[in-house]
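Spelled out, the chains give:
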Amino acid sequence: MNKQEYINAAEQQLLHTYNRFPLVLDHGEGVYLYDTDGKEYLDFTAGIAVCALGYSNEEYKNALKAQVDSLLHTSNLYYNTPVTEAAGKVLAASDMDRIFFTNSGTEAIEGAIKAAKKYAWTRDGHAGHEIIAMKHSFHGRSIGALSVTGNAHYQEPFEPLMPGVQFAEFNHFDSVKELVTENTCAVIMETVQGEGGIYPVEPDFLKQVRALCDEKDILLVLDEIQCGMGRTGNMFAWQHYGVKPDIMTCAKALGCGVPVGAFLMTQKVADKSLAPGDHGTTYGGNPFVGAAVSAVFDIFEKQHILEHVNDVSAYFEEKLDELVKKYDFLTARRGMGLMQGLVCELPVGKVAAEALNQGLVVITAGADVLRFVPPLVIEKKHVDEMVPKLEKAFAAVSAG
Ligand SMILES: *Cc1c(COP(=O)(O)O)cnc(C)c1O
């Protein structure tokens, strides 16, 4: 089949839930992707903040191959060694006490919601608890995760959703405070809003919410699915703020391409929340994904990924700021580390499509943001290669 035939077949077979770019990807190497025609693309998307190590990392591939040869799956009715090793590494990096592995970010959010509800059930001796979430947030597409996603367009067709969710203004403490009732069990937010347009949480806001939660015995749930795993220059974005969540979620780059997520909690929450019979998963934390997570943490350490992100992101920010100065249609840069957004008055979907023609993969966030979530292993030379490709895309879209 040629490229167009693949596209036609996919459009006939796959449920049409995505408007896909006309790109059939074949393989990757380092920070480059190649399509079935052999065309090269510089990747500043990383499969939406997933492929932190880029493509075809030898140590990662070897760890996966070795696990394929020994054991893929057992069941959570038994112990397995790879996931136990992985758990130790994630807990050490996050300073959390307990972890539950899931198959996706959405499922991690589901678990976090259940843990918070069960905690409050133990706290109060009854059910019927409420959650405060943020406007313009994104936490996933299942009914529970969608219920805390502050986007009416995503929610409306599927109502009624999970009851008891109220939406506050992100980064406005009073709007959170006024929603608290005696039944509030959790405040949930992304430490850096991703889909909503790359908005980092403000330090004062997060500290005030933390203090409020402490005062009322409400759980602070931080969604680190997109911003976690080194992307902002710390292993988890909340580590920049001197504020620790009670529950956090992780996925995307956790397995660097293997479907795995997790929700993690402090011992205080674990003691009063999910117990045998309350929650489960067939695949979650199986030996295969355990080996992937374990390898990811080892490689992060060996390759000094965090130091690298801090180094390269300073340069990246400088180059993006230069673009904002140069072009009137770019009105702001927002972000932390290698999670950056350019607010753009040109139609961002067209810019992303034109960038593909120039051999550059970028995506959008919200209605007017170009989103850059490259592999964490990009180097300054890749930033230098990205900028002119992006400028050519700007020129093509400006020319109409
Ligand atoms: C991607 C994402 C999710 C959902 O994760 P899936 O793995 O797609 O289910 C949840 N929260 C945030 C912040 C995300 O970026």
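Residues numbered from 1 in each chain as written. Predicted model: local features only at pLDDT ≥ 70, side-chain atom pairs only at ≥ 80, totals over all residues. Heavy atoms only, no water.

Undergrad: I'd like a description of the overall build of the protein chain, backed by residues and values.
TA: Along its length, the protein chain carries 14 helices and 17 strands. A principal-axis box enclosing the C-alpha atoms of the protein chain has dimensions of 65 × 50 × 45 Å. In the protein chain, which comprises 400 residues, the share counted as buried stands at 53%. Surface accessibility of the protein chain: about 17700 Å² in total, with carbon and sulfur atoms responsible for 52%. (Helix = DSSP H or I, 4+ residues; strand = E, 2+ residues; numbered from the N terminus. Buried < 20%, exposed > 50% of the residue type's maximum accessible area, 1.4 Å probe, protein only. Areas by Shrake-Rupley, 256 points an atom, 1.4 Å probe, with all protein chains shown as cover.)

Undergrad: Account for the site of the ligand, with residues named and values stated.
TA: With respect to spatial proximity, the complete set of residues near the ligand consists of Ser104, Gly105, Thr106, Phe138, His139, Glu190, Asp223, Ile225, Gln226 and Lys252. Asp223 places a polar side-chain atom, nitrogen or oxygen, 2.8 Å from a nitrogen atom of the ligand. For the ligand, whose unbound accessible area comes to 380 Å², protein coverage reaches 82%. Residues that form the shell around the ligand fall into these classes: two nonpolar, five polar and three charged. (Near = heavy atom within 4 Å. Polar contact = N/O pair within 3.5 Å; in protein donor to acceptor, adjacent residues only side chain to side chain. Nonpolar A, V, L, I, M, F, W, Y, C, P; charged D, E, K, R; others polar.)

Undergrad: Help me get a handle on the sheet that holds strand S16 (residues 363–365), residues and values and all.
TA: Pairing in this open sheet of four strands is antiparallel, and the strands run S13-S14-S17-S16 from one edge to the other. Each having just a single partner strand, strand S13 (330–336) and S16 make up the two edges of the open sheet. Here the average twist between neighbouring strands, direction ignored, is 30°. Two strands pair when backbone bridges link them, and S16 and strand S17 (residues 369–372) are joined in this way by three bridges, in the antiparallel orientation. By the bridge assignment for S17, Thr364 is matched with Leu370. Of the strands in this sheet, S13, strand S14 (339–344) and S17 are in contact with helix H12 (residues 305–326), which crosses S13 at around 165°. (Pairing = 2+ DSSP bridges. Axes fitted to C-alpha atoms, helices over the stretch in contact; angles between N-to-C directions. Contact = heavy atoms within 4.5 Å.)

Undergrad: How would you sum up the pairing of strand S2 (residues 32–35)? Please name residues and give values.
TA: The alternating pattern of S2 places Tyr32 and Tyr34 on one face and Leu33 and Asp35 on the opposite face, and all of these are buried. Sheet topology note: the strand S1 (residues 25–29)/S2 ladder contains four bridges and is antiparallel. Within S2, the position partnered with Gly28 by the bridge is Leu33. If you look at the hairpin formed by S1 and S2, you'll find two residues sitting between the two strands, and Gly30 has a positive phi there, around 65°. Bridge analysis of S2 against strand S3 (residues 40–43) gives three bridges, and the strand direction is antiparallel. Bridging across to S3, Tyr34 finds its partner in Glu40. Hairpin connection from S2 to S3: four residues lie between these consecutive antiparallel strands, with Gly38 at a positive phi of about 85°.

Undergrad: Go over the side chain of Thr45, please, and point to the residues and values.
TA: Within the secondary structure, Thr45 sits in the loop between S3 and helix H2 (46–49). Those residues within four positions of Thr45 in sequence are excluded, and the remaining contacts are Val361, Val362, Ile363, Val373 and Pro374.

Undergrad: Please provide a residue-by-residue account of the packing of helix H3 (residues 58–70) against helix H11 (residues 287–302), values included.
TA: At their nearest, the axes of H3 and H11 sit 9 Å apart, and the two run at 155° to each other. Viewed along their axes, H3 and H11 adopt a mutual orientation that is roughly antiparallel. As H3 packs across H11, the resulting crossing turns out to be right-handed. Taking contact as the criterion, the partners of Glu59, Tyr60, Ala63, Leu64, Gln67 and Val68 in H3 are, on H11, Pro287, Phe288, Ala291, Ala292, Ala295, Val296, Asp298, Ile299 and Lys302. (Parallel < 35°, antiparallel > 145°, perpendicular 65-115°, else oblique. Left-handed = near helix turned anticlockwise from the far one by under 90°.)

Undergrad: Describe in detail helix H14 (residues 380–398), supporting the description with residues and values.
TA: Taking 1.5 Å as the rise per residue, H14 with 19 residues should run 27 Å; its terminal C-alpha atoms sit 27 Å apart, in good agreement. Residues His382, Val383, Met386, Val387, Lys389, Leu390, Glu391, Ala393, Phe394 and Val397 constitute the buried set of H14. (Expected span 1.5 Å × (residues − 1).)

Undergrad: If you had to explain H3 to someone new, which residues and values would you point to?
TA: Every α-helix winds through 3.6 residues per turn, so residues three or four apart in the chain are directed the same way. Between its first and last C-alpha atoms H3 spans 18 Å; for 13 residues at 1.5 Å apiece the expected length is 18 Å, and the two agree. Every buried residue of H3 is accounted for by Tyr60, Leu64 and Gln67. One side of H3 holds all its buried residues, which, seen down the axis, span an arc of 65°. The exposed set on the far side of H3, more than 90 degrees from its buried face, consists of Lys65, Asp69 and Ser70. If you check the start of H3, you find a side-chain oxygen 3.1 Å away from the backbone N of Glu59, and it comes from Asn57. (Arc of directions from axis to C-beta.)

Remember that the coordinates give geometry; whether it matters functionally is a separate question.
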